[in-house]
Amino acid sequence: MPSVPTESSATKKMWSKYHPSLQRSFYTDLECPNNKQDAEIKRQCHLHAVSDIELQKEVLEEEINLENKQDIPYNETKLERLHERKIKLINAKRYHQNASNAYWYYLQ
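On a predicted model such as this, the values are computed, not experimentally measured, just so you know.

Novice: When you look at the packing of aromatic side chains in this model, what are you seeing that I'm missing?
Specialist: Aromatic ring pairs are described here by two measures, namely the spacing of the ring centres and the angle between the planes. Going through the model one piece at a time under the given rule, you end up with seven aromatic pairs. For the ring pair Y18 and Y27, a centre distance of 4.8 Å and an interplane angle of 85° mean the geometry is edge-to-face. Taking relative accessible area as the criterion, Y18 reaches 25% and is therefore assigned partly exposed. A centroid spacing of 5.5 Å and a plane angle of 50° characterise the contact between F26 and Y95, whose relative ring orientation is tilted. Residue F26 is located in the segment before α1 (36-69), and its partner Y95 is located in helix α2 (residues 75-107); the two are separated by 69 residues in the primary sequence. In textbook terms, an aromatic cluster arises when at least three aromatic residues are bridged by ring pairs, as seen for W15, Y18, F26, Y27, Y95, Y103 and Y106.

Novice: Would you mind going over the nonpolar core with me for this structure?
Specialist: In summary, soluble globular proteins display a tendency toward joint burial of nonpolar side chains. Formed by W15, L22, F26, Y27, L30, C32, A39, A99, A102, Y103, Y106 and L107, the largest nonpolar core amounts to 12 residues. The leading source of residues in this core is α2, at five residues. Not counting the four nearest positions on each side in its chain, L107 is found in contact with K36, A39, E40 and R43. Listed in part, the six residues of the second largest apolar core include I53, I64, L82 and L89.

Definitions and cut-offs
- Residues numbered from 1 in each chain as written.
- Predicted model: local features only at pLDDT ≥ 70, side-chain atom pairs only at ≥ 80, totals over all residues.
- Heavy atoms only, no water.
- Phe/Tyr/Trp six-rings, centres within 6.5 Å; stacked < 30°, edge-to-face > 60°.
- Buried < 20%, exposed > 50% of the residue type's maximum accessible area, 1.4 Å probe, protein only.
- Helix = DSSP H or I, 4+ residues; strand = E, 2+ residues; numbered from the N terminus.
- Core = buried A, V, L, I, M, F, W, Y, C linked by side-chain atoms within 4.5 Å.
- Contact = heavy atoms within 4.5 Å.

What is shown is where atoms sit, not what they do.
Rendered as structure tokens:
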């Protein structure tokens, strides 16, 4: 069975502009755009992800509020899971916001 060709580091397009507030290591796994149009599309997609995460956080907050109003002993474990999900969403939002900023800077 033939292997799937992968993009080698020799052919992979590398970033040439780095946002001043982002560490260069952030760019390691962030796809470099092919051109300005590609950068704008990628930037918008990351902004869409940020908007979706905000909606997910709103729903999660309501779930947390609902669980807090109920005085049931086994809710503590569920609340811990909800708070863990919230932390994951915040980290995802940060990643997508930073990615959007990287593409914005590329466009400048």
